[in-house]
Amino acid sequence: MTTAGGGDKATRVQAMFARIAPRYDLMNRLMTGGRDGAWRRAAARLAAPPAETLALDLATGTGDLALALLRETPVRGVVAVDFVEGMLRLGRAKLEALGERRVRLLAGDALALPFADASFGCVASAFLLRNLGDLRAGLAEMRRVTAPGGRVVALEITQPTFPGWRQAFRLYFHRVVPAVGALIAGSREAYTYLPRSVDRFVSPDELARLMEAVGLRDVRVRRVALGTVTIHVGHVEHVHQAGRGDRAGAAA
């Protein structure tokens, strides 16, 4: 759920996620009944990067989506970016314990990625977009660094639409999750921010239109978990326009 960019909002979110980093993975498992791993694996498969390319995992947190990309796709490696150093430290410890050397963890801003145009076979994120200070700019950056033929994939929490279930989910999300966050992670604030950020976020259809507006094509939306989670997939079909290509490359 970590992010980057956007001035004061970014500073607040960065500090908040730094505080909960030690219990971040545990809270994800508790909140989702352990299903968040399956959602990440599904997002990785939908990213479908070409064999032997590099994948980019934005807002990697402790690296779970990066690991899913390695296990579910034929990439040769993953560059995993986050702007919370506490998350990256935990990610490095996790990768070291697994003996996994194909993930390169970097500190970075999702609104100003330090990579050349068309550097990656896919760009994937889990629970990033609603935290961005400038959603359209973030999507444009994701498209910019994706190679022609590649995909941009975003996994997000969304409001369900089924009558009855919507009300039950809202009760759980706004009442139970903050209480559990206070008890387990020591931060009611972070887990009150979470449902409020989902409330304020664009709808799945609006997000799909924004993805198309930045140049992604054939954008598709897959709803899972009774509509509480969506995976958006957009394709890069055309050669990137010139611009910002003088950034450092993404060698890993």
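In what follows, the structure referred to is the one given above.
Right, let's walk through the structure included here.

### Looking at empty space enclosed by the protein
Taken as a whole and judged by the stated rule, the model has two cavities of 30 Å³ or more. Estimates place the volume of the largest cavity at around 40 Å³. Along the wall of the largest cavity there are 10 residues; nearest its centre are Arg40, Ala59, Thr60, Leu65 and Ala126. By residue class, the composition of the lining of the largest cavity is six nonpolar, two polar and two charged.

### What to know about the environment of Ala182
Mapping Ala182 onto the fold places it in helix 7 (residues 165-184). The sequence separation of Ala182 and Asp109 amounts to 73 residues, and the corresponding C-alpha distance is 28 Å. Leave out the neighbours within four places in its chain, and Ala182 touches Ser187 and Arg188.

### Considerations on the side chain of Glu100
In this fold, Glu100 is placed in the loop between helix 5 (85-98) and strand 3 (103-107). Setting aside its immediate chain neighbours within four residues, Glu100 contacts Leu67, Leu70 and Leu95.

### Digging into unusual backbone geometry
One non-glycine residue, Ala48, adopts positive backbone phi at about 45°. Counting through the fold element by element, Ala48 comes out in the loop between helix 3 (36-47) and strand 1 (54-58). For Glu52, which is not glycine, the phi torsion reads 70° and is therefore positive. Overall, Glu52 belongs to the exposed group, its relative accessible area being 54%.

Cut-offs and rules
- Residues numbered from 1 in each chain as written.
- Predicted model: local features only at pLDDT ≥ 70, side-chain atom pairs only at ≥ 80, totals over all residues.
- Heavy atoms only, no water.
- 1 Å grid on protein atoms, 1.4 Å probe; cavity = no way out; pocket = protein on both sides within 12 Å on 5 of 7 lines; lining within 4 Å.
- Points joined across faces, edges and corners; volume = space filled by probe spheres on them.
- Nonpolar A, V, L, I, M, F, W, Y, C, P; charged D, E, K, R; others polar.
- Helix = DSSP H or I, 4+ residues; strand = E, 2+ residues; numbered from the N terminus.
- Contact = heavy atoms within 4.5 Å.
- Buried < 20%, exposed > 50% of the residue type's maximum accessible area, 1.4 Å probe, protein only.

Take it as geometry only, folks, not as evidence of what the structure does.
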